[in-house]
Amino acid sequence: MSTQEQILEELTTTDYKYGFVTDIEQDNAPKGLTEDTVRFISAKKEEPEWMLEWRLKAFRDWQKMTEPTWANVHYPKVDFQDIIYYSAPKQKISLDSLDDVDPELLKTFEKLGISLDEQKRLSGVAVDIVFDSVSVKTTFQETLKQKGIIFCSMSEAIREHGELVKKYIGSVVPQKDNFYAGLNSAVFSDGSFCYIPKGVRCPMELSTYFRINSAGSGQFERTLLIADEGSYVSYLEGCTAPQRDENQLHAAVVELIALDNAEIKYSTVQNWYPGDKEGKGGIYNFVTKRGICKGNYSKISWTQVETGSAITWKYPSCILAGDNSIGEFYSVAVTNNMQQADTGTKMIHIGKNTKSRIVSKGISAGRSQNSYRGLVKVHRKAENARNFSQCDSLLMGDQCGAHTFPYLEISNNSSKVEHEATTSKIGEDLLFYFQQRGIDEETAVSMIVNGFCKEVMDNLPMEFAVEARKLLAISLEGSVG
Amino acid sequence: MLQIKNLHASISSDSGAKEILKGLSLEVNAGEVHAIMGPNGTGKSTLAAVLTGKEGYDITEGTVEFEGKNLMDLSPEERAQQGLFLAFQYPVEIPGVSNANFLKAAVNEIRKSKGMDNIPPNEFLKLMREKMELVEMSKDFISRFVNHGYSGGEKKRNEIFQMAMLDPKLAILDETDSGLDIDALRIVANGVNKLRTKENAFVVITHYQRLLDYIIPDFVHVMYDGKIVKSGDKDLALELEEKGYDWIKELSNVEI
């Protein structure tokens, strides 16, 4: 093995930096999944009858479904009876100030470099923390309240804003949509709810930090975000998780609804534990994210930076139902060591003059496999639909793989669909060129990667982009990557 | 400045090692321009690769000193920081990295190795504009990605431009003239000539005599089968052009 290959290998086999476990007392459901589990969760959360019924229907449908196998990922079968479906930190839910928050919990956030105080002081970001399934503290509620914005935990929304939840939950991702969405619908523990009233521009970035912390407890968040007519919101979601030896299942559902002239910008930085160098441990991330541009001239924009998880199965999608609506998907997916990612988007054009844009950047290192899977579907009535897709892959070393699966289903002659794809490799010649100009390999790689991802990074809100670049650097550390 | 003594180097591959340089000696002093000529496959590009530290070559015998230091002890980036520059025969494309970013990083790394602070942005931009004129680059060049989608001529001009920016002590031009039309050739040669000083030196590797009409060398060396078989002044290039490389083959047979 040449020196460069060795460096490449060293650089791309970095251990996960955020591996630690917080010792907080847990209040768990018994292992396994039956109707009783669903009832247990619903009762724990003091939910109304209709919610329980909705969950039970999902559970009964889910029992008849089978796990999908079409994705380009390989993993041992998940035993759904060997999972704890509910775990909550034992503490009072309503807190008056940060002083009331469990100091252990605060320490965890400090380790992650996201101290709440700092967050509050520096960035003016309202942070809704989901710590093992229960929202512990919601900040900035008051400021938002003045604008009529509702931003709270899903449990609270079900109790306090039942009508809104009832109207929209499952309207974008139905209970039966897919195996994991079905599971989520039955047992979702918590998540975030957000409603932006007519004509309101949300004055701050709304942010949620998710964190999986209880061994063996799958996490099933449910997020519902409604932007009423003429409103605007930018929502940030970021995650890290502690190091674990057993696989942790994660099956979230995110639903976005944009009414006439509304705009939703949804940004994710995901850095869950990817497993060790041999792929042991690590999170299974099976997420259903979908938004509907229900109203005319509405817009939904997904931006994601995916660096973590052992397995990623995720396709943030847009249903462009309203005329002149716009869907966007900007993605950086990094896989290293033994990680596998099958991610992409679906753009469903239904309304007239709808536009979509897909920019996907896949970076593969180590022995990882990185797949882009995207569907552009233009319905018969979607006159003048436009799509542009750009899928670029960057390979580091020669043991990883990059795959692109673009699907196009076009049923309207007036539409215009473009797809571009490139594959490049950080090889010896490229690195030597940098070195010959006095630039060492590590700097070279970070310059190449940053350049490669720039178009996507530019779409992240500023404060988030900083964190995203940090994660990118850590994931591919020193990386020839 | 550069002393190469009895250099033997082989290329390592799966099928074993193959010796390419077979006892090459060369001395280059400040203020000199050396041309190295010779047919394909005689080891001209290997010499450039070995001097700049590219992976995949084993030095089996001989020494190389650059400014009194053993060049082989240094990493490729250290060699560059010491003032050794290679204008590549096939410059790579770097999508996503602009010329400005790339060169700023290079300039700053070289400054850092000398214990200097980063170049102030204004000064850097001024330097870029000044050197761009030298090789007749258009203004949008600053923000274009390095070599990405450039024509062959543009890539070669960019090599000369980078050389101008980094101001090396010793520059090796590896077949910079190949694939250039006469205008590009003139621009490249003109750039080199303007950069010539008493303090720096050039090693110009070329196939054809043509480039040497523009860059007048102090010495011409003819390489064959891994070593220099004949040295002379600029007239040697003309003689070679006239007599062809068969003459060299005969020459080397006689000498062996």
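For the structure itself, consult the block above.
Remember, predicted model here, so these are calculated numbers, not experimental data. Throughout this document, residue positions are counted from 1 along each chain, in the order its sequence is written. Here chains are named by letter from A upward and ligands by number from 1 upward, in the order in which they appear as written. Per-residue local features are limited, in this predicted model, to residues with pLDDT of at least 70; the limit for side-chain atom pairs, both in listing and counting, is 80 or more; totals at the level of whole chains, interfaces and linings are taken over all residues. Note: side-chain values were computed over all heavy atoms of the structure, leaving out hydrogens and water.

**With respect to helix α5 (residues 152-166) of chain B**
Cut-off, in case you're wondering: A run of H or I in DSSP counts as a helix once it spans at least four residues, and a run of E counts as a strand once it spans at least two, with each numbered from the N terminus. Given the number of residues in a helix, its expected span is that number minus one, multiplied by 1.5 Å. Exposed residues in this analysis have more than 50% of their type's maximum accessible area, buried residues have under 20%, and partly exposed residues fall in between, with area computed by a 1.4 Å probe over protein chains only.
With 15 residues, α5 of chain B extends 22 Å between its outermost C-alpha atoms, agreeing within 8% with the 21 Å of an ideal straight helix rising 1.5 Å per residue. Most of α5 of chain B is tucked away, with 13 of its 15 residues classed as buried.

**Structural notes on unusual backbone geometry**
With the exception of glycine, the majority of residues adopt a negative phi angle, and the majority of peptide bonds are in the trans configuration. All names here are of chain A. Here the phi dihedral of Tyr297 falls at roughly 55°; this positive angle occurs in a residue that is not glycine. Relative to the helices and strands, Tyr297 resides in the loop between β13 (283-293) and β14 (299-306). The class of Tyr297 is exposed, set by a relative accessible area of 53%. A positive phi angle is found at Asn384, which is not glycine, with a value near 55°. In this fold, Asn384 is placed in the loop between β20 (369-378) and β21 (386-396).

**Some words on the state of the cysteines**
All names here are of chain A. Here is the rule: A pair of cysteine sulfur atoms is labelled a disulfide when the two atoms are within 2.5 Å.
In the structure shown here, the tally under the stated rule is zero disulfides over all chains. Summary of cysteine pairing: Cys293 is not part of a disulfide, and the nearest cysteine sulfur, belonging to Cys318, is at 5.7 Å. The exposure class of Cys293 is buried, given its relative accessible area of 0%. No disulfide involves Cys453; its sulfur sits 14 Å from the nearest other cysteine sulfur, which is in Cys391.

**Examining the interface of chain A and chain B**
Which entries qualify depends on this criterion: The contact criterion used is simple: two residues touch if any of their non-hydrogen atoms lie within 4.5 Å. Summed over both partners, the accessible surface that disappears when two parts come together, traced with a 1.4 Å probe, is what is meant by buried area. The term salt bridge refers to a pairing of a side-chain nitrogen on Lys or Arg with a carboxyl oxygen on Asp or Glu at a separation within 4 Å. Counted as a polar contact is a pair of N or O atoms within 3.5 Å, where, for protein atoms, one must be capable of donating a hydrogen and the other of accepting one, and residues adjacent in sequence contribute only when both atoms are in side chains.
Contact residues are listed per partner, giving 19 residues for chain A and 29 residues for chain B. Taking both sides of the interface into account, the surface hidden between chain A and chain B amounts to around 2,100 Å²; carbon and sulfur atoms contribute 65%. Considering only the side of chain A, the residues that lose the most area to chain B are Phe432, Tyr433 and Arg437 of chain A, jointly responsible for 36% of the buried surface there. Seen at the junction of chain A and chain B, the total is two salt bridges. The closest approach of N and O atoms between Glu159 of chain B and Arg437 of chain A, which form a salt bridge, is 2.6 Å. Inspection of the region where chain A meets chain B yields 11 residue pairs in polar contact (both at pLDDT 80 or more). Broken down by secondary-structure element, the contributors of at least two residues to the side of chain A that touches chain B are α1 (3-12), α10 (428-436) and α11 (441-457) of chain A.

**Details of the packing of α10 of chain A against α11 of chain A**
Residue and element names in this part refer to chain A. Keep this limit in mind: Lines fitted to the C-alpha atoms define the axes, with helices restricted to the stretch that makes contact. Angles between their N-to-C directions range from 0 to 180 degrees. Note: crossing handedness is left-handed where the near helix turns anticlockwise from the far helix by less than a right angle, and right-handed where it turns clockwise. Under the scheme applied here, ten amino acids are nonpolar (Ala, Val, Leu, Ile, Met, Phe, Trp, Tyr, Cys and Pro), four are charged (Asp, Glu, Lys and Arg), and all others, including Gly, are polar.
At their nearest, the axes of α10 and α11 sit 9 Å apart, and the two run at 115° to each other. Crossing handedness for the pair α10 and α11: right-handed. Residues Leu430, Leu431, Phe434 and Gln435 of α10 form the contact with α11, whose own contacting residues are Glu441, Ala444, Val445, Met447 and Ile448. Partitioning the contact of α10 with α11 into residue classes produces seven nonpolar, one polar and one charged.

**Notes on the nonpolar core**
Soluble, globular proteins show a tendency: their nonpolar side chains are buried together. Note the threshold: Side-chain atoms within 4.5 Å link the members of a nonpolar core, which is a set of buried Ala, Val, Leu, Ile, Met, Phe, Trp, Tyr and Cys residues.
With 106 residues, the main nonpolar core has Ile363 of chain A together with Ile94 of chain B as its most contacted residues. Looking at this core, the element that brings in the most residues is α11 of chain A, giving nine residues. Each residue touching Ile94 of chain B, except ones within four places of it in the same chain, is listed here: Leu430, Tyr433, Phe434 and Ile448 of chain A together with Phe102, Phe145 and Val146 of chain B. Core analysis: the second largest hydrophobic core is formed by 52 residues, Ile41, Leu52, Val165 and Ile226 of chain A among them.

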